[in-house]
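Descriptive analysis of the structure
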Amino acid sequence: MKHIQCKMFGHDYEITRHVTHYVKEYTCKTCRKELTTNGNGTLTELTPKFKEINDVLERIHKKKHRIRLKGRPVNPELLVFSH
Ligand SMILES: [Zn+2]
């Protein structure tokens, strides 16, 4: 039984998804139990509800990142003195 190993030695988690810089999803290599970081920064079981929350977080995070990269080359001083 794989679960006995987890009970005796603890779960062997690996990061399976980077949602944001501080929210990640983990899966136990032995029993495939899934965890995620919740809003308090602690680990909790990855329920369908948390999966949904993480999907939204990931979308927001990626969008923010893209806008920041696009906006960087614009120098406001050039706009002021262009005329
Ligand atoms: Zn496990």
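Our structure is the block above this text.
Residues numbered from 1 in each chain as written. Predicted model: local features only at pLDDT ≥ 70, side-chain atom pairs only at ≥ 80, totals over all residues. Heavy atoms only, no water.

This brings us to the overall build of the protein. On a plain count of helices and strands, the protein comes out with three helices and four strands. Across the 83 residues of the protein, 22% fall into the buried class. Contacts in the protein between residues at least 24 apart in sequence constitute 23% of all its contacts with a sequence separation of at least 6. Summing over all exposed atoms, the protein offers an accessible surface of approximately 7000 Å²; the carbon and sulfur share of this is 58%. (Helix = DSSP H or I, 4+ residues; strand = E, 2+ residues; numbered from the N terminus. Buried < 20%, exposed > 50% of the residue type's maximum accessible area, 1.4 Å probe, protein only. Contact = heavy atoms within 4.5 Å. Areas by Shrake-Rupley, 256 points an atom, 1.4 Å probe, with all protein chains shown as cover.)

Time to look at the coordination of the zinc ion. Protein coordination of the zinc ion is provided by Cys 6 (SG), His 11 (ND1), Cys 28 (SG) and Cys 31 (SG), with donor distances spanning 2.0 to 2.4 Å. The site at the zinc ion holds four donor atoms, and with the angles between them running 105 to 113°, its shape is tetrahedral. Mapped onto the polypeptide sequence, the residues donating to the zinc ion form the spacing pattern C-x4-H-x16-C-x2-C. A single burial state applies to Cys 28 and to Cys 31, both of which are buried. (Donors = N, O, S within 2.8 Å, 3.2 Å for Na, K, Ca; no water. Tetrahedral: all angles 85-135°; square planar, octahedral: opposite > 155°, others 65-115°.)

Right, let's talk about the sheet that holds strand β2 (residues 24–28) for a bit. If you trace the four strands from one edge of the open sheet to the other, you get β1-β2-β3-β4, paired in antiparallel fashion. Edge positions in the sheet fall to β1 (13–18) and β4 (43–45), since each of these pairs with one other strand and no more. Strand after strand, the sheet turns through a mean of 35° between neighbouring axes, direction not considered. Looking at chain direction, strand β3 (residues 34–37) and β4 are connected through three bridges and run antiparallel. Each bridged residue has a counterpart across the sheet, and for Leu 35 the counterpart in β4 is Glu 45. (Pairing = 2+ DSSP bridges. Axes fitted to C-alpha atoms, helices over the stretch in contact; angles between N-to-C directions.)

With the rule as written, the count across this model stands at seven salt bridges. Across the salt bridge formed by Lys 33 and Glu 45, the nearest N and O atoms sit 3.5 Å from each other. Of this pair, Lys 33 sits in the loop between β2 and β3 while Glu 45 sits in strand β4; the two residues are twelve residues apart in sequence, bridging distant segments of the chain. According to the relative accessible area criterion, Lys 33 is partly exposed, its value standing at 29%. For Glu 45, a relative accessible area of 47% corresponds to the partly exposed category. (Salt bridge = Lys/Arg side-chain N within 4 Å of Asp/Glu carboxyl O.)

Our focus in this paragraph is a nonpolar patch on the surface. A surface patch of nonpolar side chains, amounting to about 390 Å² of accessible area, comprises Ile 4, Met 8 and Phe 9. Classification of Met 8 by relative accessible area gives exposed; the value is 62%. (Patch = residues over 30% accessible without salt bridge, like charges linked within 9 Å, V, L, I, M, F, W, Y side chains within 5 Å.)

Functional significance is not addressed by these values, which are geometric in nature.
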